[in-house]
Amino acid sequence: MKDSLSTREQLALIAVRAAMGVEGVVGMHAQPGGVHTTQAGAERVGGVSVVAGHGEGFDVTLCLSALPVPLHPLAARVRSAVRSRAQIAGLSAAVGVVDVRFDAVVDSPSVAGA
């Protein structure tokens, strides 16, 4: 992770990488007009919003595309993956609420961006 990125920006990238590593997640789902995107340096990270939460941490909202699997357990695995990756990066104290939304359920990964 680049040292020049803020904690908020680092969390956005960590959350996306974590979510995409969970079996059943096939894509990030950015909304039109920049909703659920976070700027991280020169990169616009779609499908994730990281905002100041209660206290000193940041709340993370992920908007995902998934395969047709049970979504509640999938969301729990995504939350766990985000927290685990943040801990590895030394940022676990910065993570507040991790909210997972499924904006699309697709039959195959090839149509996740459709």
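A brief look at the structure comes next. (Residues numbered from 1 in each chain as written. Predicted model: local features only at pLDDT ≥ 70, side-chain atom pairs only at ≥ 80, totals over all residues. Heavy atoms only, no water.)

## What about the overall build of the protein chain?
- Each helix and strand counted, the protein chain has 2 helices and 6 strands in total.
- From first element to last, N terminus to C terminus, the protein chain shows the α and β order α-β-β-β-β-β-α-β.
- When contacts within the protein chain are restricted to residue pairs at least 6 apart in sequence, long-range pairs at least 24 apart make up 65% of them.
- Accessible surface, the protein chain as shown: approximately 6,100 Å² in total, 53% of it carbon and sulfur. (Helix = DSSP H or I, 4+ residues; strand = E, 2+ residues; numbered from the N terminus. Contact = heavy atoms within 4.5 Å. Areas by Shrake-Rupley, 256 points an atom, 1.4 Å probe, with all protein chains shown as cover.)

## Examining the pairing of strand E2 (residues 37-40)
- Judged from the 4 bridges that link them, E2 and strand E3 (residues 43-46) form a sheet pairing that is antiparallel. For Gln39, the partnering residue across the bridge sits in E3 and is Arg44.
- Between E2 and E3, which pair antiparallel one after the other, the connecting turn spans 2 residues, and Gly41 there sits at a positive phi close to 65°. (Pairing = 2+ DSSP bridges.)

## Details of the side chain of Thr37
- Tracing the sequence through the fold places Thr37 in strand E2.
- A polar contact is formed between the side chain of Thr37 and the side chain of Arg44, at a distance of 3.1 Å.
- Discounting residues that sit within four places of it in the chain, Thr37 has contacts with Ala30, Arg44, Val45, Gly46, Gly47 and Val48. (Polar contact = N/O pair within 3.5 Å; in protein donor to acceptor, adjacent residues only side chain to side chain.)

## Structural notes on helix H1 (residues 7-20)
- The end-to-end C-alpha distance of H1 is 20 Å, a good match for the 20 Å that 14 residues give at a rise of 1.5 Å each.
- In terms of burial, H1 is a largely internal element, 10 of the 14 residues being buried.
- Within H1 the residues assigned to the buried category are Glu9, Gln10, Leu11, Ala12, Leu13, Ile14, Ala15, Val16, Ala18 and Ala19. (Expected span 1.5 Å × (residues − 1). Buried < 20%, exposed > 50% of the residue type's maximum accessible area, 1.4 Å probe, protein only.)

## So, the nonpolar core
- Ranked by internal contacts, the top residues of the largest apolar core, which has 31 residues, are Leu11, Val48, Val50, Leu62, Leu64, Val78 and Val82.
- For this core, the elements supplying multiple residues, two or more each, are H1, strand E4 (48-52), strand E5 (58-66), helix H2 (71-88) and strand E6 (95-105).
- A per-element tally of this core places H1 first, with 8 residues.
- Apart from the residues within four sequence positions on either side, Leu11 is in contact with Val50, Phe58, Ala86, Leu91, Ala94 and Val95. (Core = buried A, V, L, I, M, F, W, Y, C linked by side-chain atoms within 4.5 Å.)

## Looking at the environment of His29
- Tracing the chain through its elements places His29 in the loop between strand E1 (25-28) and E2.
- His29 sits in the partly exposed class, given a relative accessible area of 22%.
- Measuring from C-alpha to C-alpha, the distance between His29 and Phe102 comes to 8.3 Å, with 73 residues separating the pair along the chain.
- If near-sequence neighbours (up to four positions away) are discounted, His29 is found in contact with Gly47, Cys63, Leu64, Ser65, Asp103 and Ala104.

By themselves, these are just geometric observations and shouldn't be taken as functional.
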